[in-house]
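# Architecture and fold: a report
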Amino acid sequence: MNITDMKPPDIITHIEQNFNRAQATGLNALIFLALREDTSVAYQWRSHVFEDIPDQIIGWCGCMDKHDLVELATAIANGLLDDIFPVALDTENHQKPTVQASDDQKQPTLLSDY
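Quick caveat: nothing in here was measured; it's all calculated off a predicted structure. (Residues numbered from 1 in each chain as written. Predicted model: local features only at pLDDT ≥ 70, side-chain atom pairs only at ≥ 80, totals over all residues. Heavy atoms only, no water.)

## A closer look at helix α2 (residues 21-37)
Spanning 17 residues, α2 covers 24 Å between terminal C-alpha atoms, matching the ideal 24 Å at 1.5 Å per step. For α2, every residue scored as buried is listed here: Gln 23, Ala 24, Gly 26, Leu 27, Asn 28, Leu 30, Ile 31 and Ala 34. One side-chain oxygen at the N-terminal end of α2 lies 3.0 Å from the backbone nitrogen of Ala 22; it belongs to Asn 20. The positive-phi residue at the C-terminal boundary of α2 is Asp 38, with phi of around 55 degrees. (Helix = DSSP H or I, 4+ residues; strand = E, 2+ residues; numbered from the N terminus. Expected span 1.5 Å × (residues − 1). Buried < 20%, exposed > 50% of the residue type's maximum accessible area, 1.4 Å probe, protein only. Polar contact = N/O pair within 3.5 Å; in protein donor to acceptor, adjacent residues only side chain to side chain.)

Below, the structure is given as structure tokens:
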């Protein structure tokens, strides 16, 4: 596959098959730094010396526009969260925890209410 033909789903597949958690987190950090600082992922890679991230991946990121980089970073973050949530899942029904709306009647009263 030509380097310019790489899209976020292709890189995600590669990351899922070849990267450990630290490498995926590192790549995501480099992408977000590049977007924040309006630089390239390659510049951030050289600046922060993330040697465990292959230069091939950095080259693929260099061929992407900002929209594709955001899509890639989002997909990486979702994959990292998927790794975290199974630990926090209810083992009986395997559902992600949800935030419950508060019931005002169960809230303790404030001293200023007296």
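## Digging into helix α4 (residues 55-62)
Every buried residue belonging to α4 is among Ile 57, Ile 58, Trp 60 and Cys 61, and all of these are buried. Around the axis of α4, the buried residues are gathered within 160 degrees of arc, so they sit on the same side. Opposite the buried face of α4, at more than 90 degrees from it, the exposed residues are Asp 55 and Gly 62. (Arc of directions from axis to C-beta.)

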